[in-house]
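Commentary on secondary and tertiary structure
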Amino acid sequence: MRPDPLSFLTTELEALNAQGLYRHLRVLSDAQKARTTVDDREVVNLSSNNYLGLTTHPRLRERALDAITRYGVGSGSVRPIAGTLEIHLELERRLADFKETEAVVVFQSGFTANAGTVSAILTSDDVVISDELNHASIIDGCRLSRASIKVFPHKDVSAARKILTQLPASQRTILITDGVFSMDGDLGPLPDLCALAEEFGCIMMVDDAHASGVFGKNGRGTIDHFGVRGRVDIQVGTLSKAFGALGGYVAGSRALIEFLYHRARPFLFSTSHPPAVAAACIAAIDVLLEEPQHMERLWDNTRFFRAGLQSLGFNTGISDSPITPVIVGDGALAMKLSDRLFAKGVFAQGIGFPTVARGRARVRTIVTATHTRPDLQFALDVFGAVGRELGIV
Ligand SMILES: Cc1ncc(COP(=O)(O)O)c(C=O)c1O
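Described in the following lines is the structure provided in the data block. (Residues numbered from 1 in each chain as written. Predicted model: local features only at pLDDT ≥ 70, side-chain atom pairs only at ≥ 80, totals over all residues. Heavy atoms only, no water.)

1. Let's talk about the overall build of the protein
Operational definition: Secondary structure elements follow DSSP: runs of H or I no shorter than four residues count as helices, runs of E no shorter than two count as strands, and numbering proceeds from the N terminus. Exposure classes here rest on a 1.4 Å probe applied to the protein chains alone. A residue is buried below 20% of its type maximum, exposed above 50%, and partly exposed in between. The Shrake-Rupley method, run with a 1.4 Å probe, gives the accessible areas here. Residue values count only the displayed protein chains as cover. This count recognises Lys and Arg as positive and Asp and Glu as negative, with His and chain-terminal groups excluded. For the purpose of locating charges, the reference atoms are NZ of Lys, CZ of Arg, CG of Asp and CD of Glu.
A count of helical and extended segments in the protein gives 14 helices and 13 strands. With respect to the three principal axes, the spread of C-alpha positions in the protein is 65 × 60 × 55 Å. Residues counted as buried form 53% of the 393 residues belonging to the protein. Roughly 17500 Å² of accessible area belongs to the protein as shown, and the carbon and sulfur atoms make up 53% of that amount. Mean positive and mean negative side-chain charge positions of the protein (41 and 43 charges, respectively) differ by 2 Å.

2. What to know about the packing of aromatic side chains
Convention followed: Aromatic pairs are defined between Phe, Tyr and Trp rings, using the six-membered ring for Trp, whenever the two ring centres lie within 6.5 Å; interplanar angles under 30 degrees are classed as stacked, those over 60 as edge-to-face, and all others as tilted. In this scheme, Lys NZ or Arg CZ marks a charge over a ring once it lies within 6 Å of the ring centre and within 35 degrees of the ring normal.
Under the definition given, this model contains six aromatic pairs. Note on Phe 215 and Trp 299: the rings are 5.1 Å apart at their centroids and 75° apart in plane angle, and the pair reads as edge-to-face. Within this pair, whereas Phe 215 is found in the loop between strand E7 (203-207) and helix H8 (222-225), its partner Trp 299 is found in helix H12 (residues 293-312), the two being separated by 84 residues in sequence. Each member of the pair Phe 215 and Trp 299 is classed as buried. Look at Tyr 261 and Phe 267: their rings are 4.8 Å apart centre to centre, the planes differ by 10°, and that puts the pair in the stacked class. By relative accessible area, Phe 267 is classed as buried at 5%. Here the aromatic residues Phe 305, Phe 314 and Phe 383 are joined through ring pairs into a cluster of three or more. A cation over an aromatic ring shows up here: Arg 26 above the ring of Phe 342, its NZ or CZ 3.7 Å from the ring centre. The aromatic ring of Phe 353 is capped on one face by Arg 358, whose charged end is 3.8 Å from the ring centroid.

3. Here's the deal with helix H3 (residues 86-99)
Note the threshold: What a helix is expected to span follows from its residue count: subtract one and scale by 1.5 Å. We call two residues contacting when some pair of their heavy atoms lies within 4.5 Å.
Relative to the 20 Å expected for 14 residues at 1.5 Å per residue, H3 spans 20 Å between its end C-alpha atoms, a close match to the ideal helical length. Regarding H3, the residues found buried are Ile 87, His 88, Leu 91, Glu 92, Leu 95, Ala 96, Phe 98 and Lys 99. Turning to H3, the residues buried within the fold contact helix H2 (58-71), strand E3 (103-107), strand E8 (234-238), strand E9 (248-252), helix H9 (254-263) and helix H11 (275-290). Glu 100 lies just past H3 and shows a positive phi near 55°.

4. Points about the environment of Gly 230
For Gly 230, the location among the structural elements is in the loop between H8 and E8. Assessed through its relative accessible area of 74%, Gly 230 is described here as exposed.

5. Quick notes on H9
Worth spelling out the cut-off: The arc refers to the directions leading from the helix axis to the C-beta atoms.
Residues of H9 that are buried include every one of Leu 256, Ile 257 and Leu 260, and no others. Taken down its axis, H9 places every buried residue within 95° of arc, on the same side. Structural note: H9 exposes Ala 255 and His 262 on the side pointing more than 90 degrees away from its buried face. Those residues of H9 that are buried lie in contact with E3, helix H4 (110-121), E8, E9 and helix H10 (265-269).

6. What to know about the sheet that holds strand E13 (residues 361-366)
To be explicit about the condition: Here, any two strands with at least 2 DSSP bridges between them count as paired. Simply put, an axis is a line fit to the C-alpha atoms, just over the touching stretch for a helix, and the angle between two N-to-C directions goes from 0 to 180 degrees.
Taking strand neighbours across the sheet as the criterion, the three strands line up as E10-E13-E12 in an open arrangement whose pairing is antiparallel. Of all the strands in the sheet, the pair left with one neighbour each is strand E10 (323-329) and strand E12 (350-351). Examined bridge by bridge, E12 and E13 share two bridges and lie antiparallel to one another. The residue of E13 that forms the bridge with Ile 351 is Arg 362. With respect to the sheet, helix H13 (residues 331-343) is in contact with E10, E12 and E13, its orientation differing from that of E13 by roughly 35°.

7. Digging into the pattern of salt bridges
As a reminder, the rule being used: Whenever Lys or Arg places a side-chain nitrogen within 4 Å of a carboxyl oxygen from Asp or Glu, that contact is recorded as a salt bridge.
All told, the structure shown has 24 salt bridges when counted by the stated rule. Two residues, Asp 126 and Arg 172, come together in a salt bridge whose shortest N-O distance is 3.3 Å. With a gap of 46 residues between them, Asp 126 in the loop between H4 and strand E4 (127-131) and Arg 172 in the loop between helix H6 (157-165) and strand E6 (173-178) connect regions that are remote in the sequence. Residue Glu 198 pairs with Arg 231 through a salt bridge whose shortest N-O separation is 2.7 Å. Remark: Arg 231 occurs in the loop between H8 and E8 and Glu 198 occurs in helix H7 (residues 190-200); sequence separation between them is 33 residues. Using a relative accessible area of 46% as the deciding quantity, one classes Glu 198 as partly exposed. In this structure Arg 231 comes out as partly exposed when scored by relative accessible area, which is 29%.

Don't take any of this as a statement about function, it's just geometry.
Below, the structure written as structure tokens:
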């Protein structure tokens, strides 16, 4: 019999298992909601990015169903061949109006928006100046571009400045930050980074995945929140989190978007969204503009839950957003905390190295607009009981 050429993968998996790092996928048998069923257990769900509860909003469902009736279920092609339906262009126009930019291009995901954009606009002659905690999709885009990558310590604007002062004035550079950092929930220092980009003539790019629908007027993101409109050349957002559906987009000048239409590889070589997804995203914009109560409840719930965790004695880090980490330090302890919470009906994932630094392992919680006070109080009671049982508080 032929020896298995993939046997090294089994060895790697066994090593993960031995280190306690092998994770089984948790499976939802109900919708992505505040209370749902995971691995056959009813839980309060503190693990989703469904910030506003739009995954199950009636207006999104209705528009998606109408689009299926009208267009069918698939788009049948990549965008530049035959996969641009009217509804794709309608979504791009609506997003450009929403973001108040000249134009928008929609990608299949936030990941492909970041990776596809960075790799399209940069070459091996260029230099990227990137926060050390920027998302993996930005890092992959930088690697694909073959540009040289200079990483600055998290939010350290003077370190970013130092890198820039060492480069020749003629060097093309791009400064990239997340708007909201996904593991700590803190915000990128946008005003200072914009000023730096202006001083050194850098392209300024912000990945606003966790800020879309969460920060700024009607959820326009951190650029609106910080009042730096017109100072960020490339704004990336996602349609997969607060927007409740799937996708990513880039908002910017008409020239940027036209260029990405011609050069961004996920746009060129991967099939466009099913029409139902585009329709649901259009409905999400309507909801953001017409139903501000969802954002209000999200922030109200965030304040209530974080204050509750802090009064129990947990270390909730430096978050400014609805992402509230419960930092315990040791990786095995974080996984144990997550497992014990789950056994008692609270779903909050443990996160350890390499996703966060060694010694900074945590359980990450995200509340949504659709959690009720009893849901959150129940979760706090369970956190308190398990935290005491494990000697964390
Ligand atoms: C900061 C950040 N950027 C980009 C993405 C990718 O977005 P999507 O899930 O739409 O691919 C994520 C998702 O986890 C993220 O946290």
